[in-house]
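Chain residues, written in single-letter form:
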Amino acid sequence: QEIDSLVKAFHAAGIDQVALVGHSLGANMALSYASLYNNINDVGMLAPGHSPRSIRGSSLSEAREMIREGRGNEVGVFKDNVLGRTVDVRMRAADYFSWLDPNGNAEMMVTAPRLSANIPVFMATGNKDFPWLRDIHYSIVPLLHKNPMNTLVKVDADHEGVSYSAGTNLRRWL
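This write-up is about the structure you can find in this document. (Residues numbered from 1 in each chain as written. Predicted model: local features only at pLDDT ≥ 70, side-chain atom pairs only at ≥ 80, totals over all residues. Heavy atoms only, no water.)

Turning next to the overall build of the protein. In terms of helices and strands, the protein carries seven helices and six strands. Each helix and strand of the protein, ordered N terminal to C terminal, gives the series α-β-α-β-α-β-β-α-α-β-α-β-α. The C-alpha radius of gyration of the protein comes to 17 Å, within 12% of the 16 Å expected for a compact globule of 174 residues. Along the three orthogonal principal directions, the C-alpha set of the protein runs to about 50 × 40 × 25 Å. (Helix = DSSP H or I, 4+ residues; strand = E, 2+ residues; numbered from the N terminus. Rg over C-alpha atoms; globule rule 2.2 N^0.38 Å.)

And the structure:
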């Protein structure tokens, strides 16, 4: 909703060329938004950082059961994986489920094929990023519809450094 409000405000102000760029989880959000609303011109994904299908040991079944029982708005303590570390998070069961649903809008394997072929994607990945994230990045590219502007850039950086290292490439691409 927040992204949509901003995009609508840009359009209302007469800005008709909108690029949505995000780093790590923000990259996933940019792709998800673009695949759902189809009202932006470009997507920039810098070191995408979340893939529910790759997360093991989550509390997804517990959250799903709470939702089935009509307790989706209850706050619980659930397991999450943050860059390879298991942590406890407190949130509503419905929010947790939407965050880690392997078939939901936070999963790039779901949102990439839904993206319009008219929206090009710039993706940057770091050669020092977590190996499992690099594997996910490379598996997304073939799922995107063909667009001559789609670009995958590999930079010499870890997860946090990709935005800085890919900045010049992204500016040229835009």
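Moving on, we come to the packing of helix H1 (residues 2–12) against helix H2 (residues 25–37). Interhelical geometry of H1 versus H2 gives an angle of 65 degrees and a closest axis separation of 11 Å. H1 and H2 meet at a crossing whose hand is right-handed. Contact with H1, carried on its side by Ile3, Asp4 and Val7, involves Met29, Tyr33 and Tyr37 of H2 and no other residues of that element. Along the lines of polarity and charge, the residues of the contact of H1 with H2 split into five nonpolar, no polar and one charged. (Axes fitted to C-alpha atoms, helices over the stretch in contact; angles between N-to-C directions. Left-handed = near helix turned anticlockwise from the far one by under 90°. Contact = heavy atoms within 4.5 Å. Nonpolar A, V, L, I, M, F, W, Y, C, P; charged D, E, K, R; others polar.)

Formed by 21 residues in total, the largest nonpolar core has its most connected members in Leu31, Ile40, Val43, Met45 and Leu115. Among the elements of the structure, H2, strand E2 (42–46), helix H5 (108–114), strand E5 (121–126) and helix H6 (131–140) are those that each provide at least two residues to this core. The biggest single contributor to this core is H2, with five residues. Formed by eleven residues, the second largest nonpolar core is a distinct cluster that contains Ala47, Phe122, Val153 and Leu170. (Core = buried A, V, L, I, M, F, W, Y, C linked by side-chain atoms within 4.5 Å. Buried < 20%, exposed > 50% of the residue type's maximum accessible area, 1.4 Å probe, protein only.)

Attention shifts here to the environment of Gly49. If you trace the backbone, Gly49 turns up in the loop between E2 and helix H3 (60–68). Considered as a pair, Gly49 and Gly26 are 23 residues apart in the sequence and their alpha carbons are 8.1 Å apart. Apart from the residues lying within four places of it in its own chain, the contact partners of Gly49 are Ser24, Leu25, Asn28, Leu133 and His159.

Moving on: the packing of H3 against helix H4 (residues 93–100). Remark: H3 packs on H4, axes separated minimally by 9 Å, with the N-to-C direction vectors making an angle of 130 degrees. Taken together, H3 and H4 sit at an angle that is classed as oblique. Taken as a pair, H3 and H4 cross one another with a handedness that is left-handed. Here Leu60, Ala63, Arg64, Met66 and Ile67 of H3 lie close against H4, whose contacting residues are Ala93, Ala94, Tyr96, Phe97 and Leu100. (Parallel < 35°, antiparallel > 145°, perpendicular 65-115°, else oblique.)

What follows is about the environment of Asp129. Assignment of secondary structure puts Asp129 in the loop between E5 and H6. Judged by relative accessible area, Asp129 falls into the buried class, the value being 2%. Once the C-alpha coordinates of Asp129 and Ile119 are considered, the two residues, ten residues apart in sequence, prove to be 26 Å apart. Excluding its chain neighbours within four sequence positions, the residues that come into contact with Asp129 are Ala47, Arg134, His137, Ala157, Asp158 and His159. At 2.9 Å, the side chain of Asp129 and the side chain of His159 are in polar contact. (Polar contact = N/O pair within 3.5 Å; in protein donor to acceptor, adjacent residues only side chain to side chain.)

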